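# Structural overview for review
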2 protein chains.
Amino acid sequence: MNVHIVGTGLLGTSLGLSLSRHGYRVTLEDLSPTAVQLAADMGAGEADHPKDPDVVVIATPPDVVAQVIVDALRTWPNATITDVASVKTAILDAVKQHTRDRELDRYIGSHPMAGREKSGAIAARADLFMGRPWVVCSDEDTPQERLEQVVTIAQAVGASVMHLDPLFHDSSVARVSHAPQVVASIMAAQLIDMPSEGVALAGQGLRDTTRIADSDPGLWTQILAGNAAEVAAVLRDIRSDLDRVIDALDVRPGSLRTIAGSIAAGNDGRARIPGKHGMAPATYETVTVYVDDAPGTLSRLFADIGGLGVNIEDIRIDHATGVKLGSVELSVVPAHVQVLVQGLSENGWRLPEQALDPKEEK
Amino acid sequence: MNVHIVGTGLLGTSLGLSLSRHGYRVTLEDLSPTAVQLAADMGAGEADHPKDPDVVVIATPPDVVAQVIVDALRTWPNATITDVASVKTAILDAVKQHTRDRELDRYIGSHPMAGREKSGAIAARADLFMGRPWVVCSDEDTPQERLEQVVTIAQAVGASVMHLDPLFHDSSVARVSHAPQVVASIMAAQLIDMPSEGVALAGQGLRDTTRIADSDPGLWTQILAGNAAEVAAVLRDIRSDLDRVIDALDVRPGSLRTIAGSIAAGNDGRARIPGKHGMAPATYETVTVYVDDAPGTLSRLFADIGGLGVNIEDIRIDHATGVKLGSVELSVVPAHVQVLVQGLSENGWRLPEQALDPKEEK
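Computed from a predicted model, the values in this text were never measured in an experiment.

## Regarding the overall build of chain A
- Within chain A, the secondary structure is distributed over 15 helices and eleven strands.
- Per-residue burial for chain A yields a buried fraction of 57% across its 362 residues.
- Expressed as a percentage of contacts within chain A between residues at least 6 apart in sequence, the contacts between residues at least 24 apart total 69%.
- Of note, chain A has its 31 positive side-chain charges centred 1 Å away from the centre of its 48 negative side-chain charges.

## Digging into the side chain of Asn227 of chain B
- Mapped onto the elements of the fold, Asn227 of chain B is located in the loop between α10 (217-226) and α11 (228-250).
- Its relative accessible area of 4% is what places Asn227 of chain B among the buried residues.

## So, the pairing of strand β5 (residues 80-83) of chain B
Residue and element names in this part refer to chain B.
- A two-sided burial pattern is seen for β5, the buried positions comprising Thr80 and Thr82 on one face and Ile81 and Asp83 on the other.
- With four bridges joining them, strand β4 (residues 55-58) and β5 adopt parallel strand pairing. Paired with Val56 across the two strands is Ile81, which belongs to β5.
- The parallel pair β4 and β5 is bridged by helix α3 (residues 65-75), and the resulting crossover is right-handed.
- Pairing analysis gives three bridges linking β5 to strand β6 (residues 107-112), with the strands arranged parallel. Residue pairing in the sheet places Thr82 in a bridge with Ile108 of β6.

## Points about helix α2 (residues 33-42) of chain B
Residues and elements named next belong to chain B.
- Across the ten residues that make up α2, a large majority, seven, are buried.
- Among the residues making up α2, those that are buried are Ala35, Val36, Leu38, Ala39, Ala40, Asp41 and Met42.
- Just downstream of α2 lies Gly43, where phi reads positive at about 100°.

## Details of the pattern of salt bridges
- Throughout the structure, instances matching the rule amount to 20 salt bridges over all chains.
- Arg270 of chain B is paired through a salt bridge with Asp214 of chain A; the nearest N and O atoms lie 3.3 Å apart. In this pair, Arg270 of chain B sits in helix α12 (residues 256-270) while Asp214 of chain A sits in the loop between α9 (204-210) and α10 (217-226), so the two residues belong to two different chains.
- The partner of Arg239 of chain A in a salt bridge is Asp243 of chain B, and the shortest N-O contact between them spans 2.4 Å.

## A closer look at the confidence of the model for chain A
All names here are of chain A.
- A residue-level look at chain A finds 90% of positions with pLDDT of 70 or above and a mean pLDDT of 87.
- Residue range residues 355-362 is modelled with pLDDT below 50. Its contacts to residues more than four positions away, or to other chains, number nine contacts.
- Scoring the predicted complex yields pTM 0.80 and, for the interface, ipTM 0.79.

## Some details on the environment of Ile273 of chain B
- Within the element layout of this structure, Ile273 of chain B appears in the loop between α12 and β9 (285-292).
- Between the C-alpha atom of Ile273 of chain B and that of Asp52 of chain B, which follows or precedes it by 221 residues, the distance is 43 Å.

## Things to note about the interface of chain B and chain A
- Contact with chain B, which involves 145 residues of that partner, is made by 145 residues of chain A.
- Of the roughly 13,300 Å² buried at the junction of chain B and chain A (both faces included), carbon and sulfur atoms supply 62%.
- Linking chain B to chain A there are eight salt bridges.
- Here Arg211 of chain A makes a salt bridge to Asp208 of chain B, at a shortest N to O gap of 2.5 Å.
- Remark: the boundary between chain B and chain A carries 32 residue pairs in polar contact (both at pLDDT 80 or more).
- Ranked by residue count, the leading element in the side of chain B that touches chain A is helix α7 (residues 166-189) of chain B, at 16 residues.

## Considering the relation of the copies chain B and chain A
- Note on the copies: chain B fits chain A at an RMSD of 0.1 Å, the axial shift is 0.0 Å, and the rotation between them is 180°. Both copies of the chain, as the preceding transformation shows, are related through a two-fold rotation axis.
- A shared binding surface is used by both copies, with 100% of the interface residues of chain B retained as interface residues in chain A.

Parameters and conventions
- Residues numbered from 1 in each chain as written.
- Chains lettered and ligands numbered in written order.
- Predicted model: local features only at pLDDT ≥ 70, side-chain atom pairs only at ≥ 80, totals over all residues.
- Heavy atoms only, no water.
- Helix = DSSP H or I, 4+ residues; strand = E, 2+ residues; numbered from the N terminus.
- Buried < 20%, exposed > 50% of the residue type's maximum accessible area, 1.4 Å probe, protein only.
- Contact = heavy atoms within 4.5 Å.
- Lys, Arg positive; Asp, Glu negative; His and termini not counted.
- Charge placed at Lys NZ, Arg CZ, Asp CG, Glu CD.
- Pairing = 2+ DSSP bridges.
- Right-handed = clockwise from strand over helix to strand, strands pointing away.
- Salt bridge = Lys/Arg side-chain N within 4 Å of Asp/Glu carboxyl O.
- pLDDT = per-residue confidence, 0-100.
- Buried area = accessible area lost by both parts, 1.4 Å probe.
- Polar contact = N/O pair within 3.5 Å; in protein donor to acceptor, adjacent residues only side chain to side chain.
- Least-squares fit on C-alpha atoms with pLDDT ≥ 70 in both.

Listed below in structure tokens is the structure:
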């Protein structure tokens, strides 16, 4: 299968790298001659404008995707056209306006849910899509063999294909990704005018809730504008919940139930997020180890853990404030806690007293 | 110094454990005979009602702290009284209403910024306060020797003392902790009614932004009600930013600037959060390693990293969806990237192609 990639940024170049390594013939084009040459030099494919590719993948910035799809449908009258933009309905609507029905059958929108904090060809990775969901949007008119071409590409690069309706996709990503981005950015923005002594009280909770506020404003403006109605709908839901909490705080003490209810609802919503590998969240125990900031400390810790043969499910490192000390939380299955605690303390690691000496409740 | 602790939950018991190990004579009391006996059995101190303690630490649930402080000022007319509640102004106001000026001089509010996801004496740790900020609220009338008693206790358990005005403390924690808790809970609650196929699109970003939504509704209702005015003020700021983004999304395309501005403001706010040990955020490079889910994989990885002698600054584990594969992001100083990448790949670890073969830009 010959695959032509239009747009050699992070996603296009990563796709080219992976498909090339899996034996596909990949051609590349980009408005920027530098970008396409860089991608070709990295091994993502050949810089070329092919006559008759089997599949064309549009990986341009989201705000021009629809126009590029329409052009591609005209340029390559036999090709299956797909794209990798993170919104689907607005693009499909725009493409519909400028194509005939028969042409439209050759367009299958898709959305690989992969990305990095860095952008451009230079940040590309052949394994970017490995283990990630790749949403494919088809309908009853989509020819089966064209659908299979897109699915084959997604699976070739290691992604996990999900077939979704475009509107369902857009409302879902608005809720699990786009609105959380807006809210995290707004929350981080509340820190701008704070005195430093106040920001110094920030803990790991604030770091986690605002981590994605580091995202690129240019890209996110395109994403949010492209899914504006769905994102606005979720933000209205959030605003209405916010209004209820603000009202409850204003008229206290008559309204503790609303406040408690909002925190409890957060528990319920949080419980819906799947655990690792899409399964129900597993219950692990955490074992905490205190570490100083000397070079090599963490590496020694990991060497010791490796020696104990305990399977670590997850790790969280929490840096202390003001002193050269941090703590490492290791998640393990309950059956391994004792081995880990005993082994680490025998190796001289500092663990919380309670972990070392768990006296029984009488 | 004799220290009496009233309330043997997570904080009170942890404080007792640590002070006892540092040679302080600690006595304990709690409304629950079981709780105080458990704390005593764990080694947090002696269950007793002392005649003349030097310092009394009130570590009861926040909603009864003020009343317990007032009672303690009466019960022990020579003692310095402090508390560990996470709000300070409302407590001080309530204590003022029920005490004379001379009595009030013996009360010094404090707030150790430490906690766990678990509660109760059984979750206590002698090292809970290690490296954490411990806010002390005094004013010009506070006798120096009493202030020093509280500071000495905080430092004895390894905390880093910050002297702050109660109102400044409350408005700061509203912004860096209480309002983010409300927002994270509200955001997580948006997932409750979603179809599972939609929630399955959730990535690491949503996991991070909603992690603290797991918090205890009972405790947080007390905290939020105790700092209601300050939390409501921050939530109003957030709501007004949210309104602007919703309006911008509604009237697009005339308002991209507002959308981009909100994401960019998030970048600016995020940049204000101190890095580890309270210093300016350092710039690390991340090296990604792909790992399968076989038992012992992470342990082998850490053993190999240990063998390379590279200092790992931070770790993030990202679990893939639908397949048994995850990725581990290791943060290291730029000078160590090459050693780590080469060493790991020589040991047979799967790294992103780009990391292994970084061709130069022409």
